[in-house]
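Per-entry structural report
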Amino acid sequence: MMSAPAKIILALGVVLLTVAAPPGTWWYFTILTMVLVLATLAMRVRFMATRWLWFVPLLLLPGGGWLVWKGALCVTTMMLLANTTPFTEILRLTRRAGVPALLVSTVALLYRYLSVLVDETQRMQRARQARTFRPRSRRERWQMLGALAGELFVRSTERAERIYTAMCARGWR
Amino acid sequence: MHIPDGFLDAKTALATGVLAAGGVGLALWQAKRSLQPRQVPLLGVTAAFVFAAQMLNFPVLPVVSGHLLGTVLAAVLLGPAGAVIALTAVLAVQCFLFQDGGVTALGANIFNMAVAGTITGYGVYRLARRWLGLAWSAAIAGWCATVISAILCAAELAWSDMASWRVLLPAMMGIHAVIGLAEGAITALVLVAIARRRPELVEQPTTTPWSALALGLVVAIGLAWFVSPFACQWPDGLEQVALTLGFDHQAVP
């Protein structure tokens, strides 16, 4: 098992090399593809394959083949990194690399509260559906969704106030 | 509009990286001076809110649906500096966790959307607010922010010799002029909904204008850097007339 910093540096190095490699260096692309395919086989392949499909329309571009190959290799590398490394480790490394604390703590809070707010959105939508309220026109549907998002923001600010109180209670700053 | 890895060449990636670092650095410096401690968690939670709100699909046509991008929304609710930081966080998480947008293109994506989109949107919003109400100002600002990000994206791709500027610009502008309409409408609806519930969140006192101006300067440098080399390739009005009337060969170079 590799340590998190080593994995992050390796992944970034592979992405940089792949982007910089001139189209036509067959040996590099073939070897990297084989390594990544082997690594991918250990993971959920269908989930990865849906991401590769995004690149298919680009095959129509002139010289699109190499572009798609590069893009897919980079996406796969980053996916392997994201799915094998705790995000908090990546955050700790960025903090150590000198990224300002305010930015890192914003990213950390975003990561922490993302699933909470996604759950809240789904809960609000389910509550509306359970009350069998159905908008009659597209205009009403837009207004309903706008009101939903607005309510979500108000709840988010109230949550942020509670988080601040909790942070202070635990001796932040 | 998230540029993936491999689309930008080294010089474009570096230039956008420098601009993005400058913009975000300026925003962080400004936020450190003016942000109250109790607003620190608000940045992260608003970023999470932008992320969650992007899941709500607004029906545009029977098969097409749009969703919020959130640049102007964040700018109005957090002020320019806070919005730049929150949207940078959103783009960083999209890049590292969801592989939406490449690592080498992260600087470009941050500059196009989090810096240029937010600051342009904020500027247009403040300007429009002098004459118009909340809803219309937000709608116009949302449209402008989306289109300016698309123009920058097209210019960066053209800089990297992905395709000709004459093909890229109309294609990107055309699509995003329509997406911008939806973005403007959604931003306006959400802001009106928030203003109805908690008016003090929307009607914030004006932030120090010069900090927004400094950020605007970064955006202007970026526009001048990337877009102007292409703008002069276009035939200007006289050249076009000369071409159509067929006396262009008489010009003395």
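**Brief notes about the side chain of N112 of chain B**
Residue and element names in this part refer to chain B.
- Here N112 is to be found in helix α4 (residues 106-129).
- You can call N112 buried: its relative accessible area is 0%.
- Those residues in contact with N112 that lie beyond four places of it in its chain are I3, G117, S149, L152, C153 and E156.

**Examining the interface of chain B and chain A**
- Each partner contributes to the interface: chain B provides 56 residues, whereas chain A provides 57 residues.
- Buried surface at the junction of chain B and chain A, summed over both partners, amounts to about 5,100 Å²; 81% is from carbon and sulfur atoms.
- Along the contact surface separating chain B from chain A lie three salt bridges.
- For R198 of chain B, the salt bridge goes to E158 of chain A, with nearest N and O atoms at 3.2 Å.
- Scanning the region where chain B abuts chain A turns up three residue pairs in polar contact (both at pLDDT 80 or more).
- For the side of chain B that touches chain A, the element with the highest residue contribution is helix α2 (residues 40-53) of chain B, accounting for 13 residues.

**Some thoughts on the packing of helix α1 (residues 10-34) of chain B against helix α3 (residues 71-96) of chain B**
All names here are of chain B.
- Contact pair α1 / α3: the axes reach a minimum separation of 8 Å and the direction vectors enclose 125 degrees. With respect to their mutual orientation, α1 and α3 come out oblique. For α1 against α3, the interelement crossing comes out left-handed. Side by side, α1 and α3 meet where G23, V24, A27, L28, Q30 and A31 of the first sit next to A81, V84, I85 and T88 of the second.
- Tallied by class, residues from the contact of α1 with α3 come to seven nonpolar, three polar and no charged.

**Remarks on the packing of aromatic side chains**
- Summed over all chains, the structure comprises seven aromatic pairs over all chains.
- Residues F87 of chain A and Y111 of chain A carry aromatic rings whose centres are separated by 4.6 Å and whose planes lie at 45 degrees to one another, so their mutual orientation is tilted. Of this pair, F87 of chain A sits in helix α5 (residues 87-96) while Y111 of chain A is found in helix α6 (residues 101-130), placing the two residues 24 residues apart along the sequence.
- Among the residues examined, Y111 of chain A registers a relative accessible area of 36% and is labelled partly exposed.
- Taken together, the aromatic side chains of W26, W27, Y28, F29 and W69 of chain A make up a single cluster linked through ring pairs.
- In this structure, R112 of chain A is placed above the aromatic ring of Y113 of chain A, and the distance from its NZ or CZ to the ring centre is 4.8 Å.
- The cationic tip of R33 of chain B hangs over the ring face of W29 of chain B; the distance from NZ or CZ to the ring centre is 5.0 Å.

**Describing the confidence of the model for chain A**
- Confidence in the prediction for chain A averages 83 pLDDT; 88% of positions are at 70 or higher.
- Per-element mean pLDDT across chain A ranges from 68 in helix α3 (residues 45-53) of chain A up to 90 in α6 of chain A.

**So, the pattern of salt bridges**
- Per the stated rule, a full pass over the model turns up 10 salt bridges over all chains.
- Ionic pairing is found between R38 of chain B and E161 of chain A, a salt bridge with its closest N-O pair at 3.9 Å. In this pair, R38 of chain B is assigned in the loop between α1 and α2 and E161 of chain A in helix α7 (residues 138-169), connecting two distinct chains.
- Since its relative accessible area comes to 35%, E161 of chain A is described here as partly exposed.
- Where R198 of chain B meets E200 of chain B, a salt bridge forms, and the shortest distance between an N and an O atom there is 2.6 Å.
- On the basis of relative accessible area, R198 of chain B is assigned to the buried category, the value being 17%.

**Some details on the environment of A193 of chain B**
- Locating A193 of chain B in the fold gives a position in helix α6 (residues 165-197).
- In this structure A193 of chain B comes out as buried when scored by relative accessible area, which is 14%.
- Between the C-alpha atom of A193 of chain B and that of V50 of chain B, which follows or precedes it by 143 residues, the distance is 15 Å.
- Among residues more than four places away in sequence, those in contact with A193 of chain B are G146, A147 and G150 of chain A.

**Structural notes on the state of the cysteines**
- A complete count under the given rule lists zero disulfides over all chains for this structure.
- Counting only cysteine sulfurs, C95 of chain B is the nearest neighbor of C153 of chain B, a cysteine outside any disulfide, at a range of 15 Å.

**Quick word on unusual backbone geometry**
- In this structure, Q99 of chain B takes a positive phi of about 55 degrees despite not being glycine.
- Structurally, Q99 of chain B can be placed in the loop between α3 and α4.

The rules behind these values
All residue numbers refer to position in the chain's written sequence, counted from 1. For naming, the first written chain is A and the first written ligand is 1, with later ones following in the order written. For this predicted model, a pLDDT threshold of at least 70 governs which residues receive local features, and a threshold of 80 or more governs which side-chain atom pairs are given and counted, while totals over whole chains, interfaces and linings are taken from all residues. Calculated side-chain values reflect all of the structure's heavy atoms, with hydrogen atoms and water omitted. Helical segments are the DSSP runs of H or I of at least four residues, strand segments are the runs of E of at least two, and each set is numbered from the N terminus. To sort residues, take the accessible area from a 1.4 Å probe on protein chains only and compare it with the maximum for the residue type: under 20% means buried, over 50% means exposed, and anything in between is partly exposed. Residues count as neighbours in contact if any of their non-hydrogen atoms are within 4.5 Å of one another. Accessible area, probed at 1.4 Å, shrinks when two parts are joined; the buried area is that loss added up over both. Salt bridge criterion: a side-chain nitrogen from Lys or Arg within 4 Å of a carboxyl oxygen from Asp or Glu. By the criterion applied in these results, polar contacts are pairs of N or O atoms within 3.5 Å in which, for protein atoms, one can donate a hydrogen and the other can accept it, and in which residues neighboring in sequence qualify only through two side-chain atoms. Note on definitions: angles span 0 to 180 degrees between N-to-C directions of axes, and those axes are lines fitted to C-alpha atoms, for helices only across the stretch in contact. Reported orientations rely on four angle classes, namely roughly parallel under 35 degrees, roughly antiparallel over 145, roughly perpendicular from 65 to 115, and oblique for the rest. Crossing handedness is defined as follows: a turn of the near helix away from the far one that is anticlockwise and smaller than a right angle gives a left-handed crossing, while the clockwise case is right-handed. Residues were grouped as follows: Ala, Val, Leu, Ile, Met, Phe, Trp, Tyr, Cys and Pro as nonpolar; Asp, Glu, Lys and Arg as charged; and all remaining residues, including Gly, as polar. We call Phe, Tyr and Trp rings a pair once their centres come within 6.5 Å, taking the six-membered ring for Trp, and we label the pair stacked below 30 degrees between planes, edge-to-face above 60, and tilted otherwise. Whether a charge sits over a ring depends on NZ of Lys or CZ of Arg being within 6 Å of the ring centre and within 35 degrees of the ring normal. As a per-residue quantity, pLDDT reports the predictor's confidence and falls between 0 and 100. The disulfide criterion is simple: two cysteine sulfur atoms within 2.5 Å.

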